[in-house]
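One letter stands for each residue in the lines below.
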Amino acid sequence: QVQLVESGGGLVQPGGSLRLSCTAYGIAFSTYGVTWYRQGPGKERELVATIRRIDGTTDYATSVKGRFTISRDNARSTAHLQMNSLKPEDTAVYYCKAYGVRDAYWGQGTQVTVSS
């Protein structure tokens, strides 16, 4: 069955870096775009970054632009979110979503905590 498995979350100090991964099973990964979302404590869910299928074009939320990079490796059915210059306000549960023409699938979420 279809699964998106996330990893890479953890505790990091302000200014540090973290790399999240999202690996898909059971779908033709290259035909799906991937979006990373996050939800911080007491906050609404926020779109962080998107990478489209095939051409790999990207979009970022203003709050992370210049600090985060989304990428994909279709041979490994994996998307990544490289997070640099992390700030306490980046603390959240991060979720990946693979979206196609007819369907979409969500990962289980991974906790990112930025604190000194």
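Our subject is the structure that appears above.
I will try to describe carefully the structure that is included in this document.

Calculation notes
Residues numbered from 1 in each chain as written. Predicted model: local features only at pLDDT ≥ 70, side-chain atom pairs only at ≥ 80, totals over all residues. Heavy atoms only, no water. Core = buried A, V, L, I, M, F, W, Y, C linked by side-chain atoms within 4.5 Å. Buried < 20%, exposed > 50% of the residue type's maximum accessible area, 1.4 Å probe, protein only. Helix = DSSP H or I, 4+ residues; strand = E, 2+ residues; numbered from the N terminus. Contact = heavy atoms within 4.5 Å. Pairing = 2+ DSSP bridges. Axes fitted to C-alpha atoms, helices over the stretch in contact; angles between N-to-C directions. Phe/Tyr/Trp six-rings, centres within 6.5 Å; stacked < 30°, edge-to-face > 60°. Lys NZ or Arg CZ within 6 Å of the ring centre and 35° of its normal.

This brings us to the nonpolar core. Core analysis: the biggest nonpolar cluster contains 28 residues, and Trp36, Val48, Phe68, Leu81, Met83 and Tyr94 have the highest contact counts within it. Of all the elements in the fold, those that place two or more residues in this core are strand E3 (18–25), strand E4 (33–39), strand E5 (46–51), strand E7 (68–73), strand E8 (78–83), strand E9 (92–99) and strand E11 (110–114). When residues no more than four places from it in sequence are discounted, the contact partners of Tyr94 are Glu6, Leu20, Trp36, Tyr37, Arg38, Val48, Phe68, Leu81, Met83, Gly109, Thr110 and Val112.

Here the focus is the environment of Ser77. With respect to the helices and strands, Ser77 occurs in the loop between E7 and E8. Sequence separation between Ser77 and Cys22 is 55 residues, and the spatial gap between their C-alpha atoms is 8.3 Å. Residues in contact with Ser77, not counting those within four places in the same chain, are Cys22, Thr23, Ala24 and Phe29.

Moving on, we get to the sheet that holds strand E1 (residues 3–7). Pairing in this open sheet of 4 strands is antiparallel, and the strands run E1-E3-E8-E7 from one edge to the other. On the outer flanks of this sheet lie E1 and E7, each paired with one strand and no other. Within this sheet the neighbouring strands show an average axis-to-axis angle of 15°, counted without direction. Judged from the 6 bridges that link them, E7 and E8 form a sheet pairing that is antiparallel. Among the inter-strand pairings, Arg72 is bridged to a residue of E8, identified as Ala79.

Before going further, it helps to examine the packing of aromatic side chains. Tallied over the entire structure, the rule returns 2 aromatic pairs. When the ring of Tyr32 is compared with that of Tyr105, the centres are 6.2 Å apart and the planes differ by 55°; the resulting orientation is tilted. In this pair, Tyr32 is assigned in the loop between E3 and E4 and Tyr105 in strand E10 (residues 104–106), connecting sequence segments 73 residues apart. In this structure Tyr32 comes out as buried when scored by relative accessible area, which is 9%. For Tyr105, a relative accessible area of 25% puts it in the partly exposed group. Seen from their ring centres, Tyr37 and Trp106 are 5.1 Å apart, and the 40° between their planes marks the pair as tilted. On the criterion of sequence distance, the pair formed by Tyr37 in strand E4 and Trp106 in strand E10 is long-range, its members being 69 residues apart. Looking at Trp106, the relative accessible area reads 38%, which means it is partly exposed. One Lys or Arg, Arg45, reaches over the ring of Tyr37 and ends 5.3 Å from the middle of that ring.

Taken by themselves, the reported measurements are silent on function.
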